[in-house]
Amino acid sequence: MIDRLAVVVDDLLNFAVADTLKQDADVQRQAKRVAAFAVAFSFWALLFGVIYMAFGAPRSGLICVIASVPILASLLVVRCGLSPVLAGNLVCAGGWTALTALGAINGGWTAAPLLWYSALPVVSVLTSGVGWGCVWTLIPLASIAGFGALQWLGISFSKDLPLSSQLGFAFCVLLGLIACQFVMAWVRVGIEQRALLALHETNERLSSARQTLASLEASFGFSMSEWARVQREKAALERFVRLRFADHDADESALDDEDGAASDPDLQLHATELESD
């Protein structure tokens, strides 16, 4: 059942990736990871939008729903054949913007949604590379430091979430974050396993083809390289014969034209008149 589900998901991810990104295996896997994370994080954004509204925080719920727009836009990026790095950064930027806005209206650096900052470096490394992973590690750290500095200076942040709902919401955040870590690991390992399986199947077909070729060479008594050499020599001989007989036919045609001119009475009379003049 799990294997069938993995095949279905892999087919859907392949459909989400443009054909121009499938020419390189590494780029294709990178684009598929972007598509998988875009779908997963869009789901989490919409789910927590509903949870926020259920706990009495409609503004926070609206922020979560709006956050799904740039995350889903990354799907359009890879579908149009643009860089997976751009799409991966779009996912991280959409997530960071939403989480920072949620932190600003839910208590600053102590806000439960900021726990999801921990997912940004992982997503960035898997979709955009180690360099961008470092960037998206520093950005959440700087954001938390900024919240802390503002609160240390005496600036207080409002709390959209009612006090009675904060404990229950924090519980949901922890559950969601644990599930998100599993999804990220499954995306990483699952895509790589599918790629290794495809490589294994390709190697098996190649080995079978080589065995078939060896049996054919043994039955015919000569190798395919010798057969290819004979084919090249045959083609060269045919070309030589065509060119040789084409020149011979051209010479005969010229001679026929001269004989025809000599036997034509009108042409002979005209030549005699020119000589007498």
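Rules used in this analysis
Residues numbered from 1 in each chain as written. Predicted model: local features only at pLDDT ≥ 70, side-chain atom pairs only at ≥ 80, totals over all residues. Heavy atoms only, no water. Helix = DSSP H or I, 4+ residues; strand = E, 2+ residues; numbered from the N terminus. Buried < 20%, exposed > 50% of the residue type's maximum accessible area, 1.4 Å probe, protein only. Areas by Shrake-Rupley, 256 points an atom, 1.4 Å probe, with all protein chains shown as cover. Salt bridge = Lys/Arg side-chain N within 4 Å of Asp/Glu carboxyl O. Core = buried A, V, L, I, M, F, W, Y, C linked by side-chain atoms within 4.5 Å. Contact = heavy atoms within 4.5 Å. 1 Å grid on protein atoms, 1.4 Å probe; cavity = no way out; pocket = protein on both sides within 12 Å on 5 of 7 lines; lining within 4 Å. Points joined across faces, edges and corners; volume = space filled by probe spheres on them. Nonpolar A, V, L, I, M, F, W, Y, C, P; charged D, E, K, R; others polar. Axes fitted to C-alpha atoms, helices over the stretch in contact; angles between N-to-C directions. Parallel < 35°, antiparallel > 145°, perpendicular 65-115°, else oblique. Polar contact = N/O pair within 3.5 Å; in protein donor to acceptor, adjacent residues only side chain to side chain.

A. Geometry of the overall build of the chain. Summing up its helical and strand segments, the chain has nine helices and zero strands in all. Reading the secondary structure of the chain in the N-to-C direction produces α-α-α-α-α-α-α-α-α. In the chain, which comprises 277 residues, the share counted as buried stands at 30%. When the accessible surface of the chain is summed, it comes to about 17,100 Å², and 68% of that surface belongs to carbon and sulfur atoms.

B. Spatial organisation of helix α5 (residues 119-128). Taking burial as the measure, the ten residues of α5 include eight buried ones, the bulk of the element. Residues of α5 that are buried: A119, L120, P121, V123, S124, L126, T127 and S128. Trailing α5 by a residue or two, G129 shows a phi angle of about 105°, which is positive.

C. Broad picture of the pattern of salt bridges. Here the structure, examined in full by the defined rule, presents three salt bridges. In this structure, the salt-bridge partner of K22 is D19, at a minimum N-O distance of 3.6 Å. Overall, K22 belongs to the partly exposed group, its relative accessible area being 29%. Given the relative accessible area of 58%, D19 is considered exposed.

D. Main features of the nonpolar core. Core analysis: the biggest nonpolar cluster contains 32 residues, and F41, F48, W116 and F169 have the highest contact counts within it. Of all the secondary structure elements, the ones that give two or more residues to this core are α2 (25-54), α3 (58-79), α4 (84-104), α5, α6 (130-152) and α7 (166-220). In terms of residues, this core owes the most to one element, α2, which gives seven residues. Setting aside residues up to four positions removed in sequence, F41 forms contacts with I71, W116, A119, V123, C180 and M184. Of all hydrophobic cores here, the second largest spans seven residues; its members include V17, A31, V34 and A87.

E. Up close: the side chain of S74. Tracing the chain through its elements places S74 in helix α3. Setting aside its immediate chain neighbours within four residues, S74 contacts V34, A38, A87, L90 and V91.

F. Looking closely at empty space enclosed by the protein. In this structure the tally under the stated criterion is one cavity of 30 Å³ or more. The computed volume of the largest cavity comes to approximately 300 Å³. Taken together, 21 residues line the largest cavity, and the ones lying closest to its centre are F41, A45, G95, L99 and W116. Of all the secondary-structure elements, those providing two or more residues to the lining of the largest cavity are α2, α3, α4, α5 and α7. Broken down by element, the lining of the largest cavity gets its largest block of residues, six residues, from α4. Split into classes, the residues belonging to the lining of the largest cavity amount to 20 nonpolar, one polar and no charged.

G. Layout of the packing of α4 against α5. Remark: α4 packs on α5, axes separated minimally by 8 Å, with the N-to-C direction vectors making an angle of 170°. As summarised for this structure, α4 and α5 are arranged roughly antiparallel, according to the angle between their axes. Of the residues in α5, those touching α4 at P84, V85, G88, N89, V91, C92 and W96 are L120, V123, S124, T127 and S128. Of the residues assigned to the contact of α4 with α5, the class counts are seven nonpolar, five polar and no charged.

H. Representation of the side chain of N106 in the model. Within the secondary structure layout, N106 lies in the loop between α4 and α5. For N106, a relative accessible area of 10% translates into the label buried. Reaching out from N106, the side chain makes a polar contact with the backbone oxygen of L102 at a distance of 2.8 Å. Leaving out residues up to four positions away in the same chain, N106 has contacts with Y52, S60, A111, S158, K159, D160 and L161.

I. The packing of α2 against α5, seen in detail. Where α2 meets α5, the closest approach of the two axes is 8 Å, and the angle between their N-to-C directions is 150°. It follows from the interaxial angle that α2 and α5 lie roughly antiparallel. On α5, the residues that touch Q30, R33, V34, F37 and F41 of α2 are A119, V123, L126, T127 and S128.

The values reported here are purely geometric and, on their own, carry no functional implication.
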